Amino acid sequence: MSHCLFCKIIQGDIPANKVYEDDQVFAFNDIHPKAPTHVLVIPKEHIPTLSDAKDPAILGMLMQRVDHIANDVLNLEAGYRIIINVLEGGGQEIFHLHAHILGGKKLPF
Ligand code: AMP
């Protein structure tokens, strides 16, 4: 989608610190990290928010990639947290579905 920031990052039109990419997802460091490791994992398909993901396979794929990236790319053996903010009330600022991976320290609730 032409006006979507995360679509522009996928296309390379806006720079990002990429940590992983395959045919279905793109992952990069959050520009304002909330933990020592803070990575965003986004599907390459433009899906505005969680409620728009009508195909359960997309969500299963996204969770599988999150776990792969956390364990095998970011080496978060001690564990990590996933956050998906949904709509303004949930704190969503960028309307392209994304999972935050947070780790690298013991996280308070
Ligand atoms: P959310 O509030 O769940 O929509 O999260 C959006 C996240 O995107 C925030 O944590 C921002 O810090 C992050 N962000 C915004 N712009 C960029 C960017 N250009 N590169 C990397 N992360 C970004």
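Above this text you will find the structure in question.
Residues numbered from 1 in each chain as written. Predicted model: local features only at pLDDT ≥ 70, side-chain atom pairs only at ≥ 80, totals over all residues. Heavy atoms only, no water.

Chemist: Explain the overall build of the chain to me, using residue names and the numbers behind them.
Modeler: Summing up its helical and strand segments, the chain has 2 helices and 5 strands in all. The secondary structure elements of the chain, listed N-terminal to C-terminal, are α-β-β-β-α-β-β. A principal-axis box enclosing the C-alpha atoms of the chain has dimensions of 35 × 30 × 25 Å. Looking at the chain as a whole, 38% of its 109 residues qualify as buried. (Helix = DSSP H or I, 4+ residues; strand = E, 2+ residues; numbered from the N terminus. Buried < 20%, exposed > 50% of the residue type's maximum accessible area, 1.4 Å probe, protein only.)

Chemist: Outline the site of the ligand, supporting the account with residue identities and numerical values.
Modeler: Inspection of the region around the ligand gives 15 residues, with Asp30, Asn85, Gly91, Glu93 and His98 positioned closest. Here isoleucine 94 contributes a backbone N or O atom positioned 2.9 Å from an oxygen atom of the ligand. Measuring from an oxygen atom of the ligand, one finds a side-chain N or O atom of histidine 98 at 2.8 Å. Coverage of the ligand by the protein amounts to 88% of the 510 Å² it exposes when considered alone. (Near = heavy atom within 4 Å. Polar contact = N/O pair within 3.5 Å; in protein donor to acceptor, adjacent residues only side chain to side chain. Areas by Shrake-Rupley, 256 points an atom, 1.4 Å probe, with all protein chains shown as cover.)

Chemist: Give a description of the environment of isoleucine 58 that names residues and reports values.
Modeler: Structurally, the position occupied by isoleucine 58 is in helix H2 (residues 56-73). Counting along the chain gives 18 residues from isoleucine 58 to leucine 40, while the straight-line C-alpha distance between them is 16 Å. Beyond its immediate sequence surroundings of up to four residues, isoleucine 58 is in contact with Glu45 and Ile47. (Contact = heavy atoms within 4.5 Å.)

Chemist: Got a sec to walk through the pattern of salt bridges? Specific residues and values, please.
Modeler: Across all of its chains, the model carries 3 salt bridges by this definition. The closest approach of N and O atoms between lysine 44 and glutamate 21, which form a salt bridge, is 2.8 Å. Placement of the pair is lysine 44 in the loop between strand S3 (37-43) and H2 and glutamate 21 in strand S1 (residues 18-21), with a sequence separation of 23 residues. Judged by its relative accessible area of 26%, lysine 44 is partly exposed. Close ionic contact of arginine 65 with aspartate 22 constitutes a salt bridge, the shortest N to O distance being 2.6 Å. One end of the pair, arginine 65, is in helix H2; the other, aspartate 22, is in the loop between S1 and strand S2 (25-29), with 43 residues separating them in the sequence. No difference in accessibility class separates arginine 65 from aspartate 22, as the two residues are buried. Where salt bridges share partners, they join Lys18, Glu21 and Lys44 into one cluster. (Salt bridge = Lys/Arg side-chain N within 4 Å of Asp/Glu carboxyl O.)

Chemist: Mind laying out the packing of aromatic side chains, listing which residues take part and the relevant values?
Modeler: One pass over the full model with this rule turns up 2 aromatic pairs. On the numbers, 5.4 Å between centres and 80° between planes, the contact of phenylalanine 6 with phenylalanine 28 is edge-to-face. Within this pair, whereas phenylalanine 6 is found in helix H1 (residues 5-11), its partner phenylalanine 28 is found in strand S2, the two being separated by 22 residues in sequence. Overall, phenylalanine 28 belongs to the buried group, its relative accessible area being 4%. Geometrically, the ring pair formed by phenylalanine 26 and phenylalanine 28 is tilted, given 5.9 Å between the ring centres and 50° between the ring planes. Each member of the aromatic cluster is reached from another via a ring pair, and the members are Phe6, Phe26 and Phe28. (Phe/Tyr/Trp six-rings, centres within 6.5 Å; stacked < 30°, edge-to-face > 60°.)

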